[in-house]
Amino acid sequence: MSQEDENKVSENMETTNATTIEQHNDTTEQYSNNATIENTPKNNNKIISIIAVVLVILLILAGGFYYYFSKPSTIVTKLINSAYNKVDNMLNNSNDFDIEKDTMLISGDLTIDTDIDGFEDLKDEKFGYTLGLDYENKKMEAGLSLTEKKEKIIDAILYFIDNKAYVSLKDDYDKIINIDSQDFDFDDIFKIESDNDLDKDDINYIVKEFKDILLKSIDMDKLNKTSDTIKLDGKEQKVTKISYKLNKENTKDFMDSFIENTLDNEKLLEKLSDLSDKDVDDIKDSLEELKDEDYDDIGTIAIYTKGLTNKLVKLELVSEDSKFGFIVNKDVTEIYAKDDENSIIFEVKEYNEEEINIDYTIKQDDEKIKGNVTFTAKETKKNNFEGTLSFSINYDDYDFKIKSTYELVIGAKIADINTSKAVKSSSMSSSDLEKISKVLEKMQESNLYDLIEDLMPSNNNDYDYDYDYDYDYDYDYDYDYDYDLDY
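Being a predicted model, the structure only gives us computed values, none of them experimental. (Residues numbered from 1 in each chain as written. Predicted model: local features only at pLDDT ≥ 70, side-chain atom pairs only at ≥ 80, totals over all residues. Heavy atoms only, no water.)

1. Describing the overall build of the chain
A tally of regular secondary structure across the chain gives nine helices and 19 strands. Each of the 487 residues in the chain was classed as buried or not, and the buried ones make up 27%. Looking at the chain alone, contacts between residues at least 24 apart form 49% of all its contacts between residues at least 6 apart. Put simply, the chain shows about 34700 Å² of open surface, and 50% of that area lies on carbon and sulfur atoms. (Helix = DSSP H or I, 4+ residues; strand = E, 2+ residues; numbered from the N terminus. Buried < 20%, exposed > 50% of the residue type's maximum accessible area, 1.4 Å probe, protein only. Contact = heavy atoms within 4.5 Å. Areas by Shrake-Rupley, 256 points an atom, 1.4 Å probe, with all protein chains shown as cover.)

Right, dumping it as structure tokens:
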């Protein structure tokens, strides 16, 4: 075979191999594509089936969750437990002040603003006050000062130390006065009855047990759940309403159950015995007597909640001729008691650890009184608090407002004065008495004294008597005296 023929044979073989390889690749790709097309629907069906099963499970869980947590019994239990948790948190976070061991000193000033006729001069007055107590060491102090138009009228403090009373007039008299004309017994004046040994944990236990007894005593099957619409934040909103009728039968059943659950709790009875200073048997007897009581129809108590979480927005007790309850708006919580003609409404605008701000309105027949109470407190350092207290009242276009700033110190020194050189009130010198009289004269010249004098009943005996008597006496006496006097 010539070289030229060999080359042609080689080219033909390469062409054949390339064609074969290309055909093989095409066949493989086609097979692969066919396999993908055949397997894709099966895989998708599996995924869809899995997703469908998961969705069904989630829907079942969500439905069960909603059913359980929307049950009246669940909502009521949740709300009562939530209220208990708030009370428990308040008790646990409260200041551990013990009046029998810790000292307390509060001081501040007070001003009055009013447009009532005859009381306008009070705007010029500024009162200072001090009150301190050291119960353990039997010490007390109480001070009062008066400043009028920036002029100090009086500044006096009364002290109790070792069952003796002392008075200081500050700058007006540089000596301490011992009021020795009368004996004082600190325990008689400031006796604190505290014979029980209950501590904070005991109080927490009592509150928790009564919460649990309350939940046990409510007949959850008698709770009625409906949909309703109430006015919240100025507009009508849909809510869930759970009501419970407190008629004679239901009230009797509830009270009997509550009493029985209390009687079954021996530890609670012991705590109540410590709290009330009564024997456990006496408490049991009192509870047994309550079981014989008959109850009238009280009314219907209704709880209103909103949203999937059943947030409490309103609670109301409605009787035959009145209603009592509260509504929780976004910015204001309204607490009210109303009947056809009278009402008392409190609008709680702030209620936290540092501020309480409440507007009030009292309506009786056609009369209306309104005003505000505000209290602030801030801990500036450990056991030191500063704040304000204000109270206002408006009635028939008359305004009256009191405002006070204060400082409260726990652990302060009380009645910390030197009494060794005190002057006895029964043996004061004429010069001392003259200084005291000047203080009294300054008080008599103040606007406050004039106001007090005007308010006191008059002792002026300036009467106009006009009597017209017509006496017609016709006496006919026949006296026949025969005296025989022998001395």
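2. Topic: the packing of aromatic side chains
For the structure on display, the rule yields five aromatic pairs. Between Tyr 360 and Phe 391, the aromatic rings sit 6.1 Å apart at their centres with planes inclined by 5°, giving stacked as the arrangement. Linking Tyr 360 in strand E14 (residues 355-364) with Phe 391 in strand E17 (residues 384-395), this pair joins segments that are 31 residues apart in sequence. Classification of Phe 391 as partly exposed rests on a relative accessible area of 34%. Of note, Lys 211 hangs over the ring of Tyr 84, and the distance from its end group to the ring centre comes to 5.0 Å. (Phe/Tyr/Trp six-rings, centres within 6.5 Å; stacked < 30°, edge-to-face > 60°. Lys NZ or Arg CZ within 6 Å of the ring centre and 35° of its normal.)

3. Comments concerning helix H6 (residues 266-276)
The complete set of buried residues in H6 reads Leu 268, Leu 269, Lys 271, Leu 272 and Ser 273. Where H6 is buried, its residues touch helix H4 (200-217), helix H5 (248-263) and helix H7 (280-290).

4. Quick notes on the pattern of salt bridges
Applying the stated rule across the entire model yields 16 salt bridges. A salt bridge links Lys 208 to Asp 212; its shortest N-O distance comes to 2.9 Å. Within this pair, Lys 208 and its partner Asp 212 are both found in helix H4, separated by four residues, close to a single helical turn. Across the pair Glu 260 and Lys 291 runs a salt bridge whose closest N-O atoms are separated by 2.3 Å. Here the residue Glu 260 occupies a position in helix H5, and Lys 291 occupies one in the loop between H7 and strand E9 (299-306), the gap between them amounting to 31 residues. Connected through salt bridges with shared partners, the residues Lys 208, Lys 211 and Asp 212 form a single ionic network. (Salt bridge = Lys/Arg side-chain N within 4 Å of Asp/Glu carboxyl O.)

5. A few points about the packing of helix H2 (residues 72-93) against H4
The description of two packed helices rests on the angle between their axes and on the distance between the axes. Orientation of H2 relative to H4, taken along the N-to-C sense of each, is 170°, at an axis distance of 11 Å. What the angle tells us is that H2 and H4 run roughly antiparallel. Each of Thr 77, Ile 80, Asn 81, Tyr 84, Val 87, Asp 88, Leu 91 and Asn 92 in H2 lies in contact with H4, whose residues at this interface are Lys 200, Ile 203, Asn 204, Val 207, Lys 208, Lys 211, Leu 214 and Leu 215. Of the residues that constitute the contact of H2 with H4, the class distribution is eight nonpolar, four polar and four charged. (Axes fitted to C-alpha atoms, helices over the stretch in contact; angles between N-to-C directions. Parallel < 35°, antiparallel > 145°, perpendicular 65-115°, else oblique. Nonpolar A, V, L, I, M, F, W, Y, C, P; charged D, E, K, R; others polar.)

6. Quick word on the pairing of E14
Relative to E14, strand E13 (residues 342-351) runs antiparallel, the two sharing nine bridges. Residue pairing in the sheet places Ser 343 in a bridge with Lys 363 of E14. Connecting E13 to the antiparallel partner E14 that follows it, the hairpin turn spans three residues. One ladder, built from ten bridges, connects E14 with strand E15 (residues 367-376); its direction is antiparallel. Paired with Ile 356 across the bridge in E15 is Phe 375. Joining the antiparallel neighbours E14 and E15 is a turn of two residues, in which Asp 365 adopts a positive phi near 55°. (Pairing = 2+ DSSP bridges.)

7. Regarding the packing of H5 against H7
At their nearest, the axes of H5 and H7 sit 10 Å apart, and the two run at 160° to each other. Of the possible angle classes, the one that applies to H5 and H7 is roughly antiparallel. Judged by the twist between their axes, the crossing of H5 over H7 is left-handed. Mapping the contact onto sequence places Ile 259, Thr 262 and Leu 263 in H5 and Lys 284, Leu 287, Glu 288 and Leu 290 in H7. (Left-handed = near helix turned anticlockwise from the far one by under 90°.)

8. Quick look at a nonpolar patch on the surface
Taken together, the side chains of Phe 324, Ile 335, Ile 344, Phe 346 and Ile 362 present a nonpolar region at the surface, about 400 Å² in accessible area. Positionally, Ile 362 belongs in strand E14. For Ile 362, a relative accessible area of 35% puts it in the partly exposed group. (Patch = residues over 30% accessible without salt bridge, like charges linked within 9 Å, V, L, I, M, F, W, Y side chains within 5 Å.)

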